Amino acid sequence: MQPSTAGAPSIMDEHLVYMDSPVGLLAIRGTAEYISAVSFIDGEKKDVATNNPPALLLNSVQQLQEYFRKEREVFDLPVSQPGTDFQQTVWHYLTTIPYGHTITYLALAKRVGNVKSIRAVGTTNGKNQLAIVVPCHRVIGSGGVLTGYAGGLWRKQWLLDHERGGMLF
């Protein structure tokens, strides 16, 4: 699965579904062609869910449920989030981190091809709009330290514990 900007969804074509999960309520946005966001919701729902959402959004809910039941390790969903070429590259490499494994920001910067880009890699990781599906939770600090996660460190820890794996460096 390669994150893409090709055919990026128009906000007018977007649909929204909500899903209960072990890490709280998830909001899933997308069109009939792409999933554009999987976000954690703290507090009340801000937007109204779509009546009769496209099959792709229903499929994304099914795949996330399978993930939480430990029946799925890899997502098979077309995704799209706007970003620079560098951001697209980082997001692509996130999708190559195997289920149950982690990688450091430094190792990810090396994979991207520039060890000096470690801060840019971290910033890009934080801008990922596709939580869990583009597994930014699998990136950790040096020495195994959990650092920043838009969904909160407790969710990052929960997701890593759920996957229970080794470390890649």
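Placed above this text is the structure.
Residues numbered from 1 in each chain as written. Predicted model: local features only at pLDDT ≥ 70, side-chain atom pairs only at ≥ 80, totals over all residues. Heavy atoms only, no water.

Draft legend 1. Spotlight on the sheet that holds strand β2 (residues 25–30). The three strands lie next to each other as β1-β2-β3, forming an open sheet whose pairing is antiparallel. Each edge of the open sheet carries a strand with a single partner, namely β1 (15–19) and β3 (35–41). Across the sheet, the mean angle separating the axes of adjacent strands is 20 degrees when strand polarity is ignored. (Pairing = 2+ DSSP bridges. Helix = DSSP H or I, 4+ residues; strand = E, 2+ residues; numbered from the N terminus. Axes fitted to C-alpha atoms, helices over the stretch in contact; angles between N-to-C directions.)

Draft legend 2. Just the nonpolar core, in detail. Counting residues in hydrophobic clusters, the biggest one holds 38 residues, and the most contacted among them are Ile28, Ile35, Phe40, Leu64, Phe68, Leu94 and Ile132. Sorting the residues of this core by element identifies β1, β2, β3, α1 (55–68), α2 (85–94) and α3 (105–112) as the ones contributing at least two each. Here this core spans two domains, and each of domain 1 (15–69) and domain 2 (85–164) adds at least three residues to it. Excluding residues that lie within four positions of it along the chain, Phe68 makes contacts with Met19, Ser21, Pro22, Val23, Leu26, Ile132, Trp158, Leu159 and His162. (Core = buried A, V, L, I, M, F, W, Y, C linked by side-chain atoms within 4.5 Å. Buried < 20%, exposed > 50% of the residue type's maximum accessible area, 1.4 Å probe, protein only. Domains from an automatic or database assignment. Contact = heavy atoms within 4.5 Å.)

Draft legend 3. Quick look at α2. Looking at α2, one finds that the buried residues are Gln87, Gln88, Val90, Trp91 and Leu94. Along the axis of α2, the buried residues cluster in a sector spanning 160 degrees; they form a single face. (Arc of directions from axis to C-beta.)

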